Amino acid sequence: QVQLVESGGGLVQPGGSLRLSCAASGFTFSSYRVNVMGWYRQPPGKLRELVATMSGVSGGGSANYADSVKGRFTISRDNAKNTLYLQMNSLKPEDTAVYYCNVRYGLSTYWGQGTQVTVSS
């Protein structure tokens, strides 16, 4: 059974940094059935939006970012630990949201439970 567990959220001041982690189980990142992995977020009162994605092995592991986070956020993965990361630098109040890990594996899509990130002074 595929499971995704996020961690690393919290309260940070504007300009600060956080690193989110998404520990996966039930599949391996190196599997060719992994189509894409990514991070999404849902700000208060708004719809869920894409933050960053990384293609699976068959896609060469290419990364894509929302315009709002380009140059500030970096998506990466550790295949040995089966963990996906999101390094967030130069955080802004508008980055405040619940952040979700997402994996498209085979014909199915899986979500984590989310982790709260609050950027405030």
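Here, the structure is the one placed above.
Described below are features of the structure shown in this document. (Residues numbered from 1 in each chain as written. Predicted model: local features only at pLDDT ≥ 70, side-chain atom pairs only at ≥ 80, totals over all residues. Heavy atoms only, no water.)

1. Quick look at the environment of Ala 23
- Tracing the sequence through the fold places Ala 23 in strand 3 (residues 18-25).
- For Ala 23, the residues in contact, after removing those within four places along its chain, are Gln 3, Leu 4, Val 5, Asn 82 and Thr 83. (Helix = DSSP H or I, 4+ residues; strand = E, 2+ residues; numbered from the N terminus. Contact = heavy atoms within 4.5 Å.)

2. So, the state of the cysteines
- As enumerated under the stated definition, the model contains one disulfide in all.
- Linked covalently through their sulfurs, Cys 22 and Cys 101 form a disulfide whose S-S length is 2.1 Å. Residues Cys 22 and Cys 101 share a disulfide whose torsion about the S-S bond is about -80 degrees; that sign makes it left-handed. Taken together, the positions of Cys 22 in strand 3 and Cys 101 in strand 9 (residues 97-105) put the pair 79 residues apart, joining distant regions of the chain. Both residues of the pair, Cys 22 and Cys 101, belong to the buried class. (Disulfide = S-S within 2.5 Å. Buried < 20%, exposed > 50% of the residue type's maximum accessible area, 1.4 Å probe, protein only.)

3. Structural notes on the nonpolar core
- Of all hydrophobic cores here, the largest spans 30 residues; its most connected members are Phe 27, Trp 39, Leu 86, Met 88 and Tyr 99.
- Those elements giving two or more residues to this core turn out to be strand 3, strand 4 (34-42), strand 5 (49-55), strand 7 (73-78), strand 8 (83-88), strand 9 and strand 11 (115-119).
- It is strand 9 that provides the largest number of residues to this core, a total of five residues. (Core = buried A, V, L, I, M, F, W, Y, C linked by side-chain atoms within 4.5 Å.)

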